Amino acid sequence: MVPWVKLGTAQIPNNGGELTFSRRDEEFSIRLSGIRGELMNSRVYNSEKELSQLGCAHLKSNPDAHVLVGGLGMGYTLAAALNEVTPSSRVTVAELIPEVVEWNQGPLGQCAKNPLQDPRTTVKIGDVKHLLNTRIPTYDAILLDVDNGPEGLTHSDNNWIYSLDGLQDIYEVLKPRGMLAIWSAGPDYLFTVRLKKAGYKVTTHIARARKGKGSKHTIFLAKKPA
């Protein structure tokens, strides 16, 4: 069997742990130190793709749509968002860890067909929170895949995103009829309640880790009314 080769490491801010970036032949993996293990694998990305497809479905005929992607990961969410929007649209991707951007600018980028090279893409290195609390209606869709779900696992500051205060702030930066789509490892009834309390119209979707098989992930779809 071809062994894994470590290509790099990165520290998650605020003592969130260490990421390890590895390659085995044409397969890439990003792991978190400790019991959590593998966070991402280049062969398992269907639910990230569906996050974008569902979150941007209403933008196919919007010539000037602006989409915010929270969390670059291995680039699959960003790539799928670019496929859903028009040639004149814009997609901003916020990534907390600079090394993750560097990895995507290297060989890893080929997996998602180098979405960072698309001229519609703008990269913001830093906490996505800074783009979510401006209270200025800016985005037609916000796609968040920044953690394991409504309870922040890899970065404790992510808890704000899933709180009622955070959801209300995100509501303000969405344009009317805008969509907030959030990836989660599983369902969370109380999070659905918070979304509704913040003013969203909420549905959920089950997406498999691989197309038609693998783990069942949950995508929360929260729409801002007109």
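The protein is annotated in an unreviewed UniProt entry as Spermidine synthase of Salinimonas marina.

Asker: Outline the pairing of strand E11 (residues 213-223), supporting the account with residue identities and numerical values.
Answerer: Here strand E9 (residues 174-184) pairs with E11 via six bridges, running antiparallel. In the sheet register, Trp183 faces E11, and the bridge partner there is Ile219. A loop of two residues connects strand E10 (residues 201-210) with E11, the two strands running antiparallel in sequence, and Gly212 in this loop sits at a positive phi of about 85°.

Asker: Kindly report on a nonpolar patch on the surface, identifying the contributing residues and their values.
Answerer: Taken together, Tyr189, Leu190 and Val193 make up a surface patch of nonpolar side chains, about 350 Å² in accessible area. Its place among the elements puts Val193 in helix H7 (residues 189-197).

Asker: Mind laying out the sheet that holds E9, listing which residues take part and the relevant values?
Answerer: Read from one edge of the open sheet, seven strands run E7-E6-E5-E8-E9-E11-E10, paired in mixed fashion. In this open sheet, the two edge strands, each paired with only one partner strand, are strand E7 (121-125) and E10. Strand after strand, the sheet turns through a mean of 20° between neighbouring axes, direction not considered. As paired elements, strand E5 (residues 66-70) and strand E6 (residues 90-95) share five bridges and run parallel to each other. Paired with Val69 across the bridge in E6 is Val93. Packing against the sheet, helix H1 (residues 46-55) makes contact with strand E8 (139-144), E9, E10 and E11, and its axis sits at approximately 150° to E10. The strands that helix H6 (residues 164-173) touches are E8 and E9; relative to E9, the one it contacts most, it runs at about 135°.

Asker: Please set out the packing of aromatic side chains residue by residue, giving values where relevant.
Answerer: Following the criterion strictly, the structure yields six aromatic pairs and no others. Between Phe21 and Phe28 the ring centres are 5.7 Å apart and the planes differ by 10°, which places this aromatic pair in the stacked class. Centre to centre, the rings of Tyr171 and Tyr200 are 5.2 Å apart; their planes meet at 80°, and the pair counts as edge-to-face. On the criterion of sequence distance, the pair formed by Tyr171 in helix H6 and Tyr200 in the loop between H7 and E10 is long-range, its members being 29 residues apart. On the accessibility criterion, Tyr200 (4% relative accessible area) is buried.

Asker: Residue-level account of the environment of Cys111, with values.
Answerer: Structurally, Cys111 can be placed in the loop between helix H3 (98-105) and E7. Sequence spacing of Cys111 and Tyr76 is 35 residues, and the spatial spacing of their C-alpha atoms is 8.1 Å. Ignoring sequence-local partners within four residues, the contact set of Cys111 consists of Phe28, Ser42 and Tyr76.

Asker: Residues and numbers for H7, please.
Answerer: Along H7, the positions that sit buried rather than exposed are Phe191, Thr192 and Leu195. The buried side chains of H7 occupy one side of the element, clustering within an arc of 105° when seen end-on. Facing away from the buried side of H7 by over 90 degrees, the exposed positions are Tyr189, Leu190, Lys196 and Lys197. The inward-facing, buried residues of H7 abut helix H5 (159-162), H6, E9, E10 and E11. If you check the start of H7, you find a side-chain oxygen 3.2 Å away from the backbone N of Leu190, and it comes from Asp188.

Parameters at a glance
- Residues numbered from 1 in each chain as written.
- Predicted model: local features only at pLDDT ≥ 70, side-chain atom pairs only at ≥ 80, totals over all residues.
- Heavy atoms only, no water.
- Pairing = 2+ DSSP bridges.
- Helix = DSSP H or I, 4+ residues; strand = E, 2+ residues; numbered from the N terminus.
- Patch = residues over 30% accessible without salt bridge, like charges linked within 9 Å, V, L, I, M, F, W, Y side chains within 5 Å.
- Areas by Shrake-Rupley, 256 points an atom, 1.4 Å probe, with all protein chains shown as cover.
- Salt bridge = Lys/Arg side-chain N within 4 Å of Asp/Glu carboxyl O.
- Axes fitted to C-alpha atoms, helices over the stretch in contact; angles between N-to-C directions.
- Contact = heavy atoms within 4.5 Å.
- Phe/Tyr/Trp six-rings, centres within 6.5 Å; stacked < 30°, edge-to-face > 60°.
- Buried < 20%, exposed > 50% of the residue type's maximum accessible area, 1.4 Å probe, protein only.
- Arc of directions from axis to C-beta.
- Polar contact = N/O pair within 3.5 Å; in protein donor to acceptor, adjacent residues only side chain to side chain.

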